[in-house]
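# Residue-level structure breakdown
Chain by chain, the residues run as shown.
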Amino acid sequence: MPAFPIALARVIHSQLRGRPVAVAPLNSERALLQSVSSEAAAEGVHVGTPIYHARRSCPSLIVIAPDPHLMARGSQALMELSAEFTPMVEPGAGRVFLDVTASRRLFGPARDVAARLEKSIAGELGLEAMAGAGGNKLVSRVAADTMREPGVYDVFHGAERPFLAPFPVSVLPGVGESRQTLLFRDLNLKLVQEVAALSVPQLRLAVGPFAPLLHDRACGIDRSPVQPPRMSTEIVEEGLLEQEENDDAILLSELLRLVEGCGLRLRRLRKGARKITLSVIYADGVTQQGKKVLPVPASLDLPLLAAVEELFFATCKRRQRVKSLRLSCDQVAEDAGQMDLFAVVPAQVSRKESDLQETLDLLREKHGKNAVRWGKGLAARREATVASEAPPEWDPEQNKYMTVTKN
């Protein structure tokens, strides 16, 4: 899907359709564009251009902030649709690779699977997809990128080298700006067919050890397999605020909810986290991330909350309102239950706190997760309730009682 973030935004906001749109953080006019629609590209706007420069080329350009939650939902939906045809699905940035070798008897050749998947994406997600079918990931990717309208580009077996021949060398993986400049300067190679015509020793003079792999790719040979996502031990909790906030009490209350979710999942696995990562996503699309390695594995709410709060104040330093928070607990392979007989028990994992946490988990499992709450999680809600329930006061100028909000 070309310009995947913009395509997802257009599904929700119809007013963006048919107009030049770009995605970039809104914190500065010097921020670089991350994605550009075809309408904006036609006006001379490109990815990596500063916002102020792009507006000069296209005054009607609409710049929207990145939306990580929308991207995650769109990518997950794309993976689920692809998994209906084969379990061998590798996700990418706005694209997926499918290995349908074992699905031929059930769904037919690759071009048929690509056509059915393209129709499923259009019907279920409302997105236009370009599909490429080929003998490997390189050929199928280039075939999909050449499409300008939804459809399927099928590259027959044995036609990989002539198919890639007229393309610029930049389509080959591993040929970035530096290597591309090197090829232009030293060997005057601009097209893939010119690279394929050279021998490996000749290419080694320009690109060194990368020469054999570059020659294979120029000939349409790609041995990299389709790799499904690996099972991760990372535990993640995300929270999208009902409205953008910069009140620390409300943000810490949301953080406590994320900590409770991560802690409960860790305790069910009888594991502890050694590393926590906090991502703060602001309303203007900027994301700040902080990481902290804990001295001992933690799974109880209070030790985790203390570490997360410290990480929050070290990470969240902007005055901009916060849109969402993401908490990740990693390195959870170590047991947080039975400890060594002669190990020194740290203060934050005392027996009393462990028993208290176990009791809270039992009560929440029996009566619901909101049956027992930590006071910090109720502080922000209590302040809002007190403000909304303030008694009316007499206003002599208006000659009537007026409701005054007090904080």
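Residues numbered from 1 in each chain as written. Predicted model: local features only at pLDDT ≥ 70, side-chain atom pairs only at ≥ 80, totals over all residues. Heavy atoms only, no water.

Considering the arrangement of structural elements, one finds Ile235 in strand E8 (residues 235-245). Separated by 93 residues in sequence, Ile235 and Ser328 have C-alpha atoms that sit 5.7 Å apart. When sequence neighbours within four positions are dropped, the list of residues in contact with Ile235 reads Cys262, Arg265, Leu266, Leu269, Leu327, Ser328 and Cys329. (Helix = DSSP H or I, 4+ residues; strand = E, 2+ residues; numbered from the N terminus. Contact = heavy atoms within 4.5 Å.)

It is worth spelling out the packing of helix H1 (residues 4-12) against helix H4 (residues 68-82) at this point. It is the contact of H1 with H4, at a shortest axis distance of 10 Å, that shows an interaxial angle of 95°. One element, H1, and the other, H4, form an angle in the roughly perpendicular class. Contact residues: H1 offers Phe4, Pro5, Leu8, Ala9 and Ile12, while H4 offers Leu70, Met71, Gly74 and Ser75. For the contact of H1 with H4, the class distribution of residues is seven nonpolar, two polar and no charged. (Axes fitted to C-alpha atoms, helices over the stretch in contact; angles between N-to-C directions. Parallel < 35°, antiparallel > 145°, perpendicular 65-115°, else oblique. Nonpolar A, V, L, I, M, F, W, Y, C, P; charged D, E, K, R; others polar.)

What follows deals with the nonpolar core. Within the largest apolar cluster, 32 residues are counted, with the highest numbers of intra-cluster contacts made by Leu255, Ile276 and Val322. When residues of this core are traced back to their parent elements, those giving at least two are E8, helix H13 (248-268), strand E9 (271-282), strand E10 (287-298), helix H14 (301-315) and strand E11 (322-330). Per-element accounting of this core gives the leading share, eight residues, to H13. Setting aside its immediate chain neighbours within four residues, Leu255 contacts Leu278, Val308, Phe312 and Leu325. Val155, Phe163, Ala211 and Ala218 belong to the second largest nonpolar core, which has 25 residues in total. (Core = buried A, V, L, I, M, F, W, Y, C linked by side-chain atoms within 4.5 Å. Buried < 20%, exposed > 50% of the residue type's maximum accessible area, 1.4 Å probe, protein only.)

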